[in-house]
Amino acid sequence: PEGKETKPAFDRMKVRVKGHIVTLQVPGAEDVGARTRVDPLASVGTYVGANDWNGVLSDPDVLVVDCRNGYEVGLGTFEGAVDPGTENFND
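Here we look at the overall build of the protein
Broken down by element type, the protein carries two helices and two strands. Along its sequence from the N terminus, the protein presents helices and strands in the succession β-β-α-α. Within the protein, the proportion of its 91 residues that are buried is 7%. Sequence separation of at least 24 residues holds for 16% of the intrachain contacts in the protein that already meet a minimum separation of 6. Only carbon and sulfur atoms are counted for the fraction: they give 53% of the accessible area of the protein, which is about 8,700 Å².

As for the pattern of salt bridges
For the structure shown, the criterion picks out one salt bridge. The salt bridge partner of Asp66 is Arg68, with a shortest N-O separation of 2.8 Å.

Overview of the side chain of Asp66
Inspection of the secondary structure puts Asp66 in the loop between α1 (53–58) and α2 (70–75). Given a relative accessible area of 8%, Asp66 falls into the buried group. Side-chain polar atoms of Asp66 contact the side chain of Arg68, separated by 2.8 Å. Those residues in contact with Asp66 that lie beyond four places of it in its chain are Val73, Gly76, Thr77, Ala81, Val82, Asp83 and Pro84.

A short note on the confidence of the model for the protein
On average, residues of the protein score 79 in pLDDT, and 70% of them are at 70 or above. Per-element averaging of pLDDT across the protein places strand β2 (residues 35–37) at the bottom with 59 and α2 at the top with 91.

A look at a positive patch on the surface
On the surface, a cluster of positive charge is contributed by Arg12, Lys14, Arg16 and Lys18. Assessed through its relative accessible area of 69%, Arg12 is described here as exposed.

Focus: the packing of aromatic side chains
Any two aromatic rings considered together are summarised by their centre-to-centre distance and by the angle between their planes. Applying the stated rule across the entire model yields one aromatic pair. Note on Trp53 and Phe78: the rings are 5.5 Å apart at their centroids and 65° apart in plane angle, and the pair reads as edge-to-face. Of this pair, Trp53 sits in helix α1 while Phe78 sits in the segment after α2, placing them 25 residues apart in sequence. Under the relative-accessibility criterion, Trp53 is labelled partly exposed at 33%. For Phe78, a relative accessible area of 42% gives the class partly exposed.

Things to note about the environment of Pro84
Of note, Pro84 is situated in the segment after α2. Beyond its immediate sequence surroundings of up to four residues, Pro84 is in contact with Val65 and Asp66.

Describing a nonpolar patch on the surface
Judged by side-chain polarity, Leu63, Val65 and Val82 come together as a nonpolar surface patch covering roughly 260 Å² of accessible area. Following the sequence through the fold, Val65 ends up in the loop between α1 and α2.

About the criteria used
Residues numbered from 1 in each chain as written. Predicted model: local features only at pLDDT ≥ 70, side-chain atom pairs only at ≥ 80, totals over all residues. Heavy atoms only, no water. Helix = DSSP H or I, 4+ residues; strand = E, 2+ residues; numbered from the N terminus. Buried < 20%, exposed > 50% of the residue type's maximum accessible area, 1.4 Å probe, protein only. Contact = heavy atoms within 4.5 Å. Areas by Shrake-Rupley, 256 points an atom, 1.4 Å probe, with all protein chains shown as cover. Salt bridge = Lys/Arg side-chain N within 4 Å of Asp/Glu carboxyl O. Polar contact = N/O pair within 3.5 Å; in protein donor to acceptor, adjacent residues only side chain to side chain. pLDDT = per-residue confidence, 0-100. Patch = residues over 30% accessible without salt bridge, like charges linked within 9 Å, V, L, I, M, F, W, Y side chains within 5 Å. Lys, Arg positive; Asp, Glu negative; His and termini not counted. Charge placed at Lys NZ, Arg CZ, Asp CG, Glu CD. Phe/Tyr/Trp six-rings, centres within 6.5 Å; stacked < 30°, edge-to-face > 60°.

Here is the structure:
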């Protein structure tokens, strides 16, 4: 039947469990075996709700820094956002 494949797409599958998809490498963070424990509540900014986001962006005293890599920024970014030239996640 159309859309039904009887042969498996792959001959075999191997799954490896990783501690990180992206290593944070945060100085001073607690090393816990295969992963680094980072407390996201230890240092946070001001929470901005979805309904307030456009108002925050229109404030002339707000600076948006787009920390994605060049490829991602090239796909699109917020108007007026600063691209610091991040090459990888740890930058």
